[in-house]
Amino acid sequence: KNQVEQSPQSLIILEGKNCTLQCNYTVSPFSNLRWYKQDTGRGPVSLTIMTFSENTKSNGRYTATLDADTKQSSLHITASQLSDSASYICVVSTASGGSYIPTFGRGTSLIVHP
Amino acid sequence: DTGVSQDPRHKITKRGQNVTFRCDPISEHNRLYWYRQTLGQGPEFLTYFQNEAQLEKSRLLSDRFSAERPKGSFSTLEIQRTEQGDSAMYLCASSLVLLAGGSSHEQYFGPGTRLTVT
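Keep in mind it's a predicted model, so treat the numbers as computed, not measured.

## Observations regarding the overall build of chain B
Right, so step 1: Broken down by element type, chain B carries zero helices and eleven strands.
Right, so step 2: Along chain B, helices (α) and strands (β) appear in the sequence β-β-β-β-β-β-β-β-β-β-β when read from the amino end.
Right, so step 3: Relative to a compact globule of 118 residues, whose C-alpha radius of gyration would be 13 Å, chain B shows 14 Å and is just as compact.
Right, so step 4: Burial statistics for chain B: of 118 residues in total, 47% are counted as buried.
Right, so step 5: A sequence separation of at least 24 residues applies to 56% of the contacts in chain B between residues at least 6 apart.
Right, so step 6: If the 14 positive side-chain charges of chain B are averaged to one point and the 13 negative ones to another, these points end up 6 Å apart.

Below you can see the structure in the form of structure tokens.
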């Protein structure tokens with residue numbers, strides 16, 4: 001069964017600090033991995049998309065890494081801001097013969113305190 | 001605002017009633033997706049369209065659920081005989097896919113329709 005596990009479930013940090021969120025997956029065959037940010041009551045917004053051949057991708061203060069061998073990804077947030085408080089969701093997709101099946105993690109809830 | 005709109009934003013209905021939600025994707029996007037999200041969980045894939053063709057349906061999409069995209073533009077998701085377990089946020093997303101079988105193209109999500117079944 002395809003699964004995406006995220007850790008920690010929740011995280012509280014002080015403004016200005018860095019943090020790293022983890023994503024482990026068992027999805028096969030692998031097509032791509034995405035990280036989304038979801039503010040409360042809103043739809044997810046894409047942060048990064050990585051395919052099999054990509055090890056790292058950055059988007060401003062967000063840097064995602066991918067190890068396709070160990071099936072792990074991380075999202076590193078640098079110099080956190082209050083606006084980073086949100087849920088961060090890891091999504092791993094398969095794509096075979098035109099079919100598209102995404103598997104979502106439950107998300108990590110990040111709270112940034114002043 | 002991502003350019004994907006959903007209507008209504010909130011819907012309260014009584015158990016057993018039918019409800020219909022609408023999604024308007026970004027105009028040039030050929031793919032449209034529906035997801036369901038319950039509180040504290042990540043979204044769950046329901047179905048997706050390539051233009052007007054429904055290409056994939058999750059097992060979560062029971063017989064009471066039906067989705068259409070008749071002209072390859074907006075889409076509707078109908079739930080018949082609603083149950084309390086249908087209470088969730090229903091999210092729509094769209095993307096532009098240029099290569100056959102590709103799924104790496106960024107998805108843009110709408111704000112969602114929150115359904116409460118009493």
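## Considering the sheet that holds strand S8 (residues 72-77) of chain A
All names here are of chain A.
Right, so step 1: One open sheet holds the five strands; their spatial order is S1-S3-S8-S7-S6, and the pairing between them is antiparallel. Taken across any chain shown, the strands that pair with only one partner, and hence form the sheet edges, are strand S1 (4-7) and strand S6 (56-59). If you compare each strand with its neighbour and ignore which way they point, the axes differ by 15° on average.
Right, so step 2: Strand direction decides the pairing type here: strand S7 (residues 62-67) and S8, joined by six bridges, are antiparallel. Along S8, the bridge assignment pairs Tyr62 with Ile77.

## Thoughts on the pairing of strand S11 (residues 113-117) of chain B
All names here are of chain B.
Right, so step 1: Only one face of S11 is covered, namely the face carrying Thr113, Leu115 and Val117; the face carrying Arg114 and Thr116 is uncovered.
Right, so step 2: The sheet contact formed by strand S2 (residues 10-13) and S11 spans four bridges and is parallel. Its bridge partner lying in S11, Lys11 is registered against Leu115.
Right, so step 3: Looking at chain direction, strand S9 (residues 88-95) and S11 are connected through three bridges and run antiparallel. Its bridge partner being in S11, Tyr90 is matched across the sheet by Thr113.

## A short note on the sheet that holds strand S7 (residues 65-68) of chain B
All names here are of chain B.
Right, so step 1: What the four strands build is an open sheet, ordered S1-S3-S8-S7; its pairing is antiparallel. Looking at strand neighbours, the two that pair on one side only are strand S1 (5-7) and S7, the edges of this open sheet. Ignoring which end each strand starts from, the neighbouring axes of this sheet average 15° apart.
Right, so step 2: Both S7 and strand S8 (residues 75-79) contribute to a ladder of four bridges, which runs antiparallel. Within S8, the residue paired with Glu68 across the bridge is Thr76.

## What to know about unusual backbone geometry
Right, so step 1: Residue Pro29 of chain A is reached from Ser28 of chain A by a cis peptide bond, and omega for that bond is -5°.
Right, so step 2: Cis geometry is adopted by the peptide bond preceding Pro8 of chain B, which originates at Asp7 of chain B and carries an omega value of -5°.
Right, so step 3: If you trace the backbone, Pro8 of chain B turns up in the loop between S1 and S2.
Right, so step 4: In this structure, Asn51 of chain B is a non-glycine residue whose phi angle is positive, near 55°.
Right, so step 5: Mapping Asn51 of chain B onto the fold places it in the loop between strand S5 (44-50) and strand S6 (53-57).
Right, so step 6: A positive phi angle, close to 50°, is found at Arg81 of chain B, a residue other than glycine.
Right, so step 7: The topology assignment puts Arg81 of chain B in the loop between S8 and S9.

## What to know about the nonpolar core
The nonpolar side chains of a soluble globular protein tend to be buried, and buried together.
Right, so step 1: Core analysis: the largest hydrophobic core is formed by 24 residues, its most contacted members being Tyr25, Leu33, Trp35, Leu75, Tyr88 and Val92 of chain A.
Right, so step 2: When residues of this core are traced back to their parent elements, those giving at least two are strand S3 (19-25), strand S4 (32-38), strand S5 (45-51), S7, S8, strand S9 (86-96) and strand S11 (108-113) of chain A.
Right, so step 3: With residues near it in sequence (within four places) discarded, Leu75 of chain A still touches Cys19, Thr20, Leu21, Trp35, Leu47, Tyr62, Thr63, Ala64 and Tyr88 of chain A.
Right, so step 4: Core analysis: the next-biggest nonpolar cluster, separate from the first, contains 19 residues, Phe21, Leu46, Leu77 and Leu115 of chain B among them.

## Examining the interface of chain B and chain A
Right, so step 1: At the junction of the two partners, chain B supplies 24 residues and chain A supplies 24 residues.
Right, so step 2: Overall, the association of chain B and chain A removes approximately 1800 Å² of surface from exposure, summing both partners, and the carbon and sulfur fraction of that is 53%.
Right, so step 3: The tally of links from chain B across to chain A stands at zero salt bridges.
Right, so step 4: The tally of links from chain B across to chain A stands at two residue pairs in polar contact (both at pLDDT 80 or more).
Right, so step 5: Mapped onto the side of chain B that touches chain A, the elements with two or more residues apiece are strand S4 (31-37), S5, S6 and S9 of chain B.

About the thresholds
Residues numbered from 1 in each chain as written. Chains lettered and ligands numbered in written order. Predicted model: local features only at pLDDT ≥ 70, side-chain atom pairs only at ≥ 80, totals over all residues. Heavy atoms only, no water. Helix = DSSP H or I, 4+ residues; strand = E, 2+ residues; numbered from the N terminus. Rg over C-alpha atoms; globule rule 2.2 N^0.38 Å. Buried < 20%, exposed > 50% of the residue type's maximum accessible area, 1.4 Å probe, protein only. Contact = heavy atoms within 4.5 Å. Lys, Arg positive; Asp, Glu negative; His and termini not counted. Charge placed at Lys NZ, Arg CZ, Asp CG, Glu CD. Pairing = 2+ DSSP bridges. Axes fitted to C-alpha atoms, helices over the stretch in contact; angles between N-to-C directions. Core = buried A, V, L, I, M, F, W, Y, C linked by side-chain atoms within 4.5 Å. Buried area = accessible area lost by both parts, 1.4 Å probe. Salt bridge = Lys/Arg side-chain N within 4 Å of Asp/Glu carboxyl O. Polar contact = N/O pair within 3.5 Å; in protein donor to acceptor, adjacent residues only side chain to side chain.

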